[in-house]
Structures are given as structure tokens and as C-alpha cells.
Amino acid sequence: MPRIMMERSGEMEVFARVVQDRGFSAAARNLDLTPSAVSKLIARLEARLGTRLLVRTTRALTLTEEGEAYHHAALRILRELNDADQEAAGGAVRGRLRVNTTIPFGTMFVAPAMPDFIARNPDLIVDLSFTDGIVDLVAEKSDVAIRTGDLPDSGLIARKLGQSRRVVCAAPDYLTRRGCPQTAPDLDQHDCLTFNFRRARPSWPFRCEGQEVAQPVKGSIVVNNGETMKQMALAGAGIARVGLFHVESEIAAGSLVPLLEDQNPGDLELIHAVYVGGGPLPHRVRAFIEYMVATAGESPLLKGSS
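This text gives an overview of the structure that appears in the document. Only a predicted model underlies this, so the values are computations on that prediction, with no experimental measurement involved.

Conventions used here
Residues numbered from 1 in each chain as written. Predicted model: local features only at pLDDT ≥ 70, side-chain atom pairs only at ≥ 80, totals over all residues. Heavy atoms only, no water. Helix = DSSP H or I, 4+ residues; strand = E, 2+ residues; numbered from the N terminus. Buried < 20%, exposed > 50% of the residue type's maximum accessible area, 1.4 Å probe, protein only. Contact = heavy atoms within 4.5 Å. Areas by Shrake-Rupley, 256 points an atom, 1.4 Å probe, with all protein chains shown as cover. Phe/Tyr/Trp six-rings, centres within 6.5 Å; stacked < 30°, edge-to-face > 60°. Expected span 1.5 Å × (residues − 1). Bend = angle between axes of the 7 residues up to and from the residue. Polar contact = N/O pair within 3.5 Å; in protein donor to acceptor, adjacent residues only side chain to side chain. Salt bridge = Lys/Arg side-chain N within 4 Å of Asp/Glu carboxyl O.

This brings us to the overall build of the protein chain. Assigned secondary structure in the protein chain consists of ten helices and 13 strands. Overall, the protein chain is about 70 × 45 × 30 Å in size when its C-alpha atoms are taken along their principal axes. Within the protein chain, the proportion of its 306 residues that are buried is 45%. Considering only residue pairs separated by 6 or more positions, the protein chain has 76% of its internal contacts joining residues 24 or more positions apart. Summed over its atoms, the accessible surface of the protein chain is roughly 15900 Å², and 50% of this surface lies on carbon and sulfur atoms.

A complete count under the given rule lists five aromatic pairs for this structure. Relative to Phe109, the ring of Phe105 lies with its centre 5.0 Å away and its plane at 40 degrees, an arrangement referred to as tilted. Here Phe105 pairs with Phe109, and both are found in helix α5 (residues 103-120), just four residues apart, close to one helical turn. For the pair shown, Phe105 and Phe109 are each scored as buried. An aromatic cluster is present here, built from Phe105, Phe109 and Phe245 joined pairwise through their rings.

The next thing to look at is helix α9 (residues 244-253). Looking at α9, one finds that the buried residues are Leu244, Phe245, His246, Val247 and Glu250. Gly254, located one to two residues past α9, shows a positive phi value of around 85 degrees.

Bringing α5 into the picture now. End to end, α5 covers 24 Å across 18 residues, agreeing with the expected 26 Å (1.5 Å per residue, within 8%). Residue Met114 marks the point of greatest curvature in α5, where the axis turns by about 45 degrees; the proline Pro115 follows within four residues. The opening residue of α5, the one whose side-chain oxygen lies 3.4 Å from the backbone nitrogen of Phe105, is Thr102.

Attention shifts here to the pattern of salt bridges. Across all of its chains, the model carries 16 salt bridges by this definition. The shortest N-O distance in the salt bridge between Asp21 and Arg17 comes to 2.9 Å. Of the two residues, Asp21 and Arg17 are both situated in helix α1 (residues 8-21); the distance of four residues between them amounts to about one turn of the helix. The partner of Asp173 in a salt bridge is Arg177, and the shortest N-O contact between them spans 3.3 Å.

This part is about the side chain of Arg241. One can find Arg241 in strand β11 (residues 240-243). Among the polar contacts listed, one links the side chain of Arg241 to the side chain of Asp267, at a separation of 2.7 Å. The residues contacting Arg241, other than those within four sequence positions of it, are Arg166, Val167, Val168, Trp204, Pro205, Met229 and Asp267.

Time to look at unusual backbone geometry. The phi torsion at Arg22 lies on the positive side, around 60 degrees, for a residue other than glycine. With relative accessibility at 61%, the residue Arg22 sits in the exposed group. Here Asp32, not a glycine, exhibits a phi torsion of approximately 60 degrees, which is positive. Position of Asp32 relative to the elements: it lies in the loop between α2 (24-31) and α3 (35-49).

A word on the side chain of Asp143. Along the chain, Asp143 falls in the loop between α6 (137-140) and β5 (144-148). Since its relative accessible area comes to 15%, Asp143 is described here as buried. Only 2.8 Å separates the side chain of Asp143 from the backbone nitrogen of Arg98, close enough to count as a polar contact. Within the local environment of Asp143, its side chain forms a polar contact with the side chain of Arg284, the two groups lying 3.1 Å apart.

Below you can see the structure in the form of C-alpha cells.
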């Protein structure tokens, strides 16, 4: 069994692994330690700091407020240590990079950026998967995922790439047949295109008489990704609520018409790159995230434009 150095960085690495694996036994297996050794190390760390970092029950392990702060700082320090090692070793970007991204973002930003990214990193193989569903990065062996909307509570580390205002829109053909809604409650009389994700909400936000309201919506078609929703809206199948970055060109061309804009409450869609924390970030992952921040993240389409 390899001996882990028990200086502060070693304690941080074990603590971060416990948080990532959500348990002492799983962390012990990955670190090639015994659960009792991990438990004793965490107890010693808490004793040294004079505070409880973790709350342990038979069913779950959760971070205290102090644990959250220490975890955030530990991840930052571990990344900096890893960066220092990689810089000293040359910091080569090589190997296979597995990226999972939403279909709209991947189509508009990731795919067009890949030729230049590969030209800059010729020893890298980029393995792309496009899906709007939430994947388990560990189970799918993905290095990084790009996700839109609110992030679920998890142990993942997030880096913001940008944001886009959501817009409610429909094709002129649909509006000719069904009429144009003037108020949010008018949507009761329309076919609204919705998502079938478990996290999807059956209502859209609007601002009516100075108050933000959640307007229930329903329709004849539900889809599992934003690109299909855009195509259904273009085909006149119903009213959609999508990121403006995804449909801005169609709105400019007149093939989609924005609706109820005076009642939009500032409905934003956040876009993040997320990855598993708890240890050194591979240089290939950092290179990809920094590249996306410098390219897609600087696009006017992702500035929350109106």
C-alpha cells in the first residue's frame, strides 16, 4: 500500500476525495487506503482545524458550512499545485479528451472551434458527445460537460462560459393559424413545445403587473433537446421557449417571431463547463475549458443580450 504524505496537501487531497466519492469506503478504495485510515485522517484534520467539516450518517455524508468553505479552498490549492507540477514537467496537452455538451451549444460553438483547437494541440484526441440530457460524468468517463440552465446540487466544479436570455417565439405560419398571444394567460389557448427532462418545469416565467408569475404551459409535442425544439417551432408546430443565442439568426431572418417580449422577466439561461473535482485537473481539460472561455465565452451571443 503506498504511503500518502500526511502534510496539509495530503490531507486536502484525501478530504476532497471523500467529498467527491461521497463516502469513506469509496475514497479509501480509490486511494488504496483502509476506511479506518481515511476516517482517522479526517478526524485529525477536523481536530487540527478545530471544527467539523463533515456530517456522517448511515445514509449520507454532507458538508458543514465550514466544510464547504474548506472544500472550495482545497480544490483551488490542489489545482494550483497540479498546475505547478505540469508547468515544471512541460504541461503537455495530450491523450483523449471526452467532452459532453448540449446539442445547441455543441453545434454552434464547440464543433466550429475544434479545427483550431486541434491545430493548437495536435497530440490530443477529442471525443465529442452531443446530448441535452444530464449525464453522469464518472459513469460515462467524460472529462468535462457543458450544461445550460440551473445546475443541480452536486460535487461538480463549474466554470461559467456565458449566458443567454431565453425568448418565447413561434413561426409566422403558426401565428397566422392560431393567433398571436398578447398576455401570458393567452398561452392556455396555444400549443407550447416543452421538454421531457425530469428537471423540466411545466411553466414559463413572465412579469405581469410588476410581479413575476409562472405561467403553466402545455402542448401536443414534447422533445428531449433544444435543436429538435427549434426545428418544431420553425415547422409551425407550436410556441417555443429557447435560448436567444440558439435562434437569433432565425429571428433576424423572420422565420421565428419573438412573443410577449414586454413581459419577459429577464429570463436567463446560464451556460457552464462542469467537471469532477477532488483532485488535480488534467491539463487537457484545463486547456479545453480555457479555450472555450476565450472563444465561445467571448461571443456577443453569450452576453445575455437582448
